Amino acid sequence: MPEGHTIHRLALDHRSRFEGERVRVSSPQGKFTGGAALIDGQVMTGAEAHGKHLFLGFGPDRWVHVHLGLFGKLGFGAAPAPPPTDTVRLRLANPSAYADLRGPTTCALITDAEKHAIHDRLGPDPLRPGDDGTRAWQRISRSRTTIAALLLDQKVIAGVGNVYRAEVLFRHHIDPYRAGRDLTRAEWDALWADLVFLMAEGVRHNRIDTVRPEHLPEAMGRPPRVDDHGGEVYVYRRAHMGCHICGSEIRTAGLAARNLFWCPGCQPGTGGG
DNA sequence: ATTCCATGATCAG
DNA sequence: TGATCCTGGAATC
């Protein structure tokens, strides 16, 4: 379930368990055996995230670059580590803890230069201290592409995925099909600030919650609700259900190869038509 | 037992 | 735009 908040959380989780310590590194599945051998027994010197990319540092000029893709998962446990199953791409272990990586799109050993190249091709990340939305605005304000597509473009802004895109556009009453260049600077500044807030909350709670307190079911006089993906949301995966605010039927459509969700009542516009 | 689907991204055409 | 890669849980037969 990886959007940017998940990856930043994973960087924290790696630091708390492994930073400054020697780590046994292996690839039970075999697809990273060569890389694992080169860092096995080295000290983990740091862990950081940029958007959906995770970087685990092992001494000068050596990083394990991990991208979970859609299916990847990292699972932590206390030592002793159980025998790994055959899908574990990467296992890290020290005397007190272990971490298993499965199903990533990327797990590769890279250099500082290669890491820099990745940072360079990513847009600003709402979760990276010091990043701000100005660079993203420069692209968005000149683009005829829909804001919904731009939010998923990691070159424009790094870390936003399908849930945050749908939810942040709902929270700001923006029709997902509006062209980037038709947004005002004030609208973009508000979107960016809200992503900074929402994604930091996501790191803290390790899940995506976007519903304002006054709109929670108990505050609205409705029975408590449980969304099947674990967080409280307004529109994501709520196609054909009633909007919590205005009651309109939530709509869905494919956009940028993903399922988009929005409320035609709260986010008025052409709706793509 | 089999198919479908997912909070991602790349590459070919 | 479509095919493809990665995994696992839910839905469907």
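Residues numbered from 1 in each chain as written. Chains lettered and ligands numbered in written order. Predicted model: local features only at pLDDT ≥ 70, side-chain atom pairs only at ≥ 80, totals over all residues. Heavy atoms only, no water.

To keep things clear, this is the line we draw: UniProt positions are given in the numbering used here, feature names are shortened, and annotations may be inferred rather than shown by experiment.
For chain A, the name recorded in an unreviewed UniProt entry is Endonuclease 8 1, with Streptomyces nigrescens as its organism. A UniProt comment under Catalytic activity (unreviewed entry) is attached to chain A, and it reads "2'-deoxyribonucleotide-(2'-deoxyribose 5'-phosphate)-2'-deoxyribonucleotide-DNA = a 3'-end 2'-deoxyribonucleotide-(2,3-dehydro-2,3-deoxyribose 5'-phosphate)-DNA + a 5'-end 5'-phospho-2'-deoxyribonucleoside-DNA + H(+)". The UniProt entry for chain A carries the following text under Cofactor (unreviewed entry): "Zn(2+)".

Brief notes about the overall build of chain A
The condition that has to hold: Put simply, DSSP marks the helices as runs of H or I at least four residues long and the strands as runs of E at least two long, and each gets a number from the N terminus on. Only protein chains enter the area calculation, which uses a 1.4 Å probe; residues under 20% of their type maximum are buried, those over 50% are exposed, and those in between are partly exposed. Contacts are assigned to residue pairs that have any heavy atoms within 4.5 Å of one another. Shrake-Rupley sampling with a 1.4 Å probe provides the accessible areas, and residues are treated as covered by the protein chains on show and by no other component. Charge assignment: positive for Lys and Arg, negative for Asp and Glu; neither His nor the chain ends contribute. Think of each charge as sitting on NZ of Lys, CZ of Arg, CG of Asp or CD of Glu.
A tally of regular secondary structure across chain A gives seven helices and 10 strands. The principal-axis extents of the C-alpha atoms in chain A amount to approximately 55 × 45 × 30 Å. Per-residue burial for chain A yields a buried fraction of 49% across its 273 residues. When contacts within chain A are restricted to residue pairs at least 6 apart in sequence, long-range pairs at least 24 apart make up 61% of them. Counting only carbon and sulfur atoms, one obtains 53% of the accessible surface of chain A, whose full area is about 12,600 Å². Positive and negative side-chain charges of chain A, numbering 34 and 30 respectively, have mean locations separated by a distance of 3 Å.

Describing the pairing of strand 9 (residues 251-255)
The side chains of a regular strand alternate, residue by residue, between the two faces of the sheet. Using the following cut-off: Pairing between strands is defined by DSSP: at least two bridges between the two strands are required.
In the sheet, strand 9 pairs with strand 10 (residues 258-262) via five bridges, with the strands oriented antiparallel. Within the sheet, the bridge partner assigned to G254 lies in strand 10 and is N259. Where strand 9 folds back onto strand 10 in an antiparallel hairpin, the turn is made up of two residues, including A256, whose phi is positive at roughly 55 degrees.

Quick look at the packing of helix 1 (residues 4-18) against helix 7 (residues 185-205)
Any two packed helices are characterised by how steeply their axes cross, that is the angle between the axes, and by the distance between the axes. Under the convention used in this document: Throughout, an axis means a line fitted to C-alpha atoms (over the contacting stretch in the case of helices), and angles, computed between N-to-C directions, take values from 0 to 180 degrees. Throughout this description, any angle smaller than 35 degrees is read as roughly parallel, any larger than 145 degrees as roughly antiparallel, any in the 65 to 115 degree range as roughly perpendicular, and the remainder as oblique. Left-handed describes a crossing whose near helix is turned anticlockwise from the far helix by less than a right angle; the clockwise case is right-handed.
Put simply, helix 1 and helix 7 touch, their axes get as near as 8 Å, and they point 45 degrees apart. In this view, helix 1 runs oblique relative to helix 7, as classed from their interaxial angle. Taken as a pair, helix 1 and helix 7 cross one another with a handedness that is right-handed. Every residue of helix 7 that contacts helix 1 at G4, H5, H8, R9 and L12 is listed here: M199, G202, V203, R204 and H205.

Focus: the protein's contact with DNA strand B
Worth spelling out the cut-off: Distances are taken per atom, and a residue is near a molecule or strand as soon as one of its heavy atoms is within 4 Å of it. Counting of polar contacts relies on pairs of N or O atoms within 3.5 Å, with two restrictions inside protein: one atom must be capable of donating a hydrogen and the other of accepting it, and residues adjacent in sequence are counted only when both atoms are side-chain atoms. Throughout, the ten residues Ala, Val, Leu, Ile, Met, Phe, Trp, Tyr, Cys and Pro are labelled nonpolar, Asp, Glu, Lys and Arg are labelled charged, and all others, Gly among them, are labelled polar.
Around DNA strand B lies a shell of 20 residues, among which K52, F71, Y236, R258 and N259 are the nearest. Within 4 Å of the protein, atoms of DNA strand B come from sugar and phosphate in 60% of cases. For DNA strand B, a sugar or linking oxygen lies 3.5 Å from a polar atom in the backbone of G69. Within the contact set of DNA strand B, a phosphate oxygen lies 2.9 Å away from a side-chain nitrogen or oxygen of Y236. At the level of elements, helix 6 (162-171) and strand 10 are the ones that each hand at least two residues to the surface near DNA strand B. Taken together, the residues that form the surface near DNA strand B break down as seven nonpolar, eight polar and five charged.

Observations concerning the UniProt feature "domain: FPG-type" (unreviewed entry) in chain A
On the UniProt side, "domain: FPG-type" (unreviewed entry) is annotated at positions that read residues 234-268 here. Between the C-alpha atoms that bound residues 234-268 there is a distance of 16 Å. The span itself is 0% helix and 29% strand.

Topic: the sheet that holds strand 6 (residues 88-93)
An order of 1-6-7-5 is seen for the four strands of this open sheet, with the pairing classed as antiparallel. Edge positions in the sheet fall to strand 1 (24-26) and strand 5 (73-78), since each of these pairs with one other strand and no more. Adjacent strand axes in the sheet meet at a mean angle of 15 degrees when their direction is disregarded. In the sheet, strand 5 pairs with strand 7 (residues 97-102) via six bridges, with the strands oriented antiparallel. Pairing of L74 across the sheet is with L101, part of strand 7. Each of strand 5, strand 6 and strand 7 is contacted by helix 1, which is oriented at about 30 degrees to strand 5, the strand it contacts most.

Examining the layout of surface pockets
To keep things clear, this is the line we draw: We place a 1 Å grid over just the protein atoms. Points where a 1.4 Å probe fits but has no way out form a cavity, open points with protein on both sides within 12 Å along at least 5 of 7 lines form a pocket, and any residue with an atom within 4 Å of a point lines it. Grid points are joined across faces, edges and corners, and a volume is the space filled by probe spheres set on the points.
Considering only enclosed or pocket space, the second largest pocket measures out at about 210 Å³ in volume. Along the walls of the second largest pocket sit 14 residues, with F197, E201, D209, T210 and V211 positioned nearest its centre. Looking at the lining of the second largest pocket element by element, the count peaks at five residues for helix 7.

Describing the packing of aromatic side chains
By convention here, two paired aromatic rings are described through the distance between centres and the angle between planes. Stated precisely, the cut-off is as follows: Pairing of aromatic rings covers Phe, Tyr and the six-membered ring of Trp, with a centre-to-centre limit of 6.5 Å; geometry is then stacked below 30 degrees between planes, edge-to-face above 60, and tilted otherwise. The criterion is that NZ of a Lys, or CZ of an Arg, lies within 6 Å of the ring centre and within 35 degrees of the ring normal, and then a charge sits over that ring.
Using the criterion set out here, one finds four aromatic pairs in the structure. Judged by centre distance (4.5 Å) and plane angle (25 degrees), the rings of F170 and Y234 are stacked. A residue pair is termed long-range when its members are at least 10 positions apart, and F170 in helix 6 and Y234 in the loop between helix 7 and strand 9 qualify at 64 residues. As far as the burial class goes, F170 and Y234 line up, both buried. Aromatic side chains Y236 and F261 sit 5.5 Å apart centroid to centroid with 80 degrees between the ring planes, which places their arrangement in the edge-to-face category. Of this pair, Y236 sits in the loop between helix 7 and strand 9 while F261 sits in strand 10, and the two are 25 residues apart along the sequence. Looking at F261, the relative accessible area reads 7%, which means it is buried. Of note, R17 hangs over the ring of F76, and the distance from its end group to the ring centre comes to 4.4 Å. Against the face of W63 rests K115, its NZ or CZ located 4.3 Å from the ring centre.

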